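# Structure assessment
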Amino acid sequence: MALYECVLIARQDISAAQAEQLGEQFAQIIRDNGGQVAKTEYWGLKTLTYKIKKNRKGHYTLFNLDAPAAAVLEMERNMGINEDVLRFMTVRVDALDANPSVMMQSRGERGDRGDRGDRGPRRFEDRGPRPPRRQEPTVAEGENA
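Looking at an unreviewed UniProt entry, the protein chain carries the name Small ribosomal subunit protein bS6, with the source organism given as Azospirillum brasilense. One UniProt comment on the protein chain, placed under Sequence similarities (unreviewed entry), says "Belongs to the bacterial ribosomal protein bS6 family."

In structure tokens form, the structure reads like this:
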């Protein structure tokens, strides 16, 4: 069987529980057709780059699949029929990554930036007095600059 990654974007006006239930429905289609779902990640409600079918946001879900092509085609057919699905994309991959995806790793981690504790207070009155303004030389009347 081949390995696939599939990302699904569902409408913004369904709840997170409904979006996860929608993901489980598509995972069940894969299982019924002889495949298996290695990993499912719900990425949450995210802002879209541009409007899709009058929606500004969408619920993102990632599937890692180990399934025959017929099972993936059946899942994609059902995604195309479902009104709650805005977009989906399935890509064949060489190997599935067991680690959390980049979207899940970035949630809550600050990475190399640290906690910014060494910066000190950020209040305006702590900056000290402002330097005097530089005066522009005025041009006398009748002279060309």
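## Some remarks on the sheet that holds strand β4 (residues 85-93)
If you walk across this open sheet you meet the four strands as β2-β3-β1-β4, and the pairing is antiparallel. Each end of this open sheet is capped by a strand with a single partner; those strands are β2 (36-52) and β4. Taking the axes of each pair of neighbouring strands and ignoring which way they run, one obtains an average angle of 20 degrees across the sheet. Sheet analysis places β2 next to strand β3 (residues 55-67), joined by 11 bridges and oriented antiparallel. What sits directly across from Lys-39, in β3, is Asn-64. Packing of helix α1 (residues 16-32) onto the sheet brings it into contact with β1 (2-10), β2, β3 and β4, and relative to β3 it is tilted by some 30 degrees. Along the sheet, helix α2 (residues 69-81) makes contact with β1, β3 and β4, crossing β4 at roughly 165 degrees.

## Re α2
For α2, built from 13 residues, the straight-helix expectation of 18 Å at 1.5 Å per residue is met to within 8% by its first-to-last C-alpha distance of 19 Å. Those residues of α2 that are buried lie in contact with β1, α1, β3 and β4.

## Here's the deal with the side chain of Thr-61
Structurally, the position occupied by Thr-61 is in strand β3. Leave out the neighbours within four places in its chain, and Thr-61 touches Cys-6, Val-7, Leu-8, Thr-40, Glu-41 and Tyr-42.

## Regarding the side chain of Ser-101
Take Ser-101: it is sitting in the loop between β4 and α3 (102-105). Overall, Ser-101 belongs to the buried group, its relative accessible area being 14%. Side-chain polar atoms of Ser-101 contact the side chain of Trp-43, separated by 3.3 Å. If near-sequence neighbours (up to four positions away) are discounted, Ser-101 is found in contact with Lys-39, Glu-41, Trp-43 and Leu-62.

## Remarks on the nonpolar core
Counting 22 residues, the largest nonpolar core has Phe-26, Ile-30, Phe-63, Leu-65, Met-75 and Met-79 as its most contacted members. The set of elements that each furnish at least two residues to this core consists of β1, α1, β2, β3 and α2. When residues in this core are grouped by element, the largest group, six residues, is from α1. The contacts of Phe-26, once residues within four sequence positions are left out, are Leu-8, Phe-63, Met-75, Asn-78, Met-79, Asn-82 and Val-85. Judged by nonpolar contacts, the second largest core, of seven residues, contains Ile-9, Leu-48, Ile-52 and Leu-62.

## Topic: the pairing of β3
Counting buried positions over the 13 residues of β3 gives 11, a clear majority of the element. Two strands pair when backbone bridges link them, and β1 and β3 are joined in this way by nine bridges, in the antiparallel orientation. By the bridge assignment, Cys-6 is partnered in β3 with Phe-63. Counted between consecutive antiparallel strands, the loop separating β2 from β3 contains two residues, among which Lys-53 sits at a positive phi close to 50 degrees.

Parameters and conventions
- Residues numbered from 1 in each chain as written.
- Predicted model: local features only at pLDDT ≥ 70, side-chain atom pairs only at ≥ 80, totals over all residues.
- Heavy atoms only, no water.
- UniProt positions renumbered as here; feature names shortened; annotations may be inferred.
- Pairing = 2+ DSSP bridges.
- Helix = DSSP H or I, 4+ residues; strand = E, 2+ residues; numbered from the N terminus.
- Axes fitted to C-alpha atoms, helices over the stretch in contact; angles between N-to-C directions.
- Contact = heavy atoms within 4.5 Å.
- Expected span 1.5 Å × (residues − 1).
- Buried < 20%, exposed > 50% of the residue type's maximum accessible area, 1.4 Å probe, protein only.
- Polar contact = N/O pair within 3.5 Å; in protein donor to acceptor, adjacent residues only side chain to side chain.
- Core = buried A, V, L, I, M, F, W, Y, C linked by side-chain atoms within 4.5 Å.

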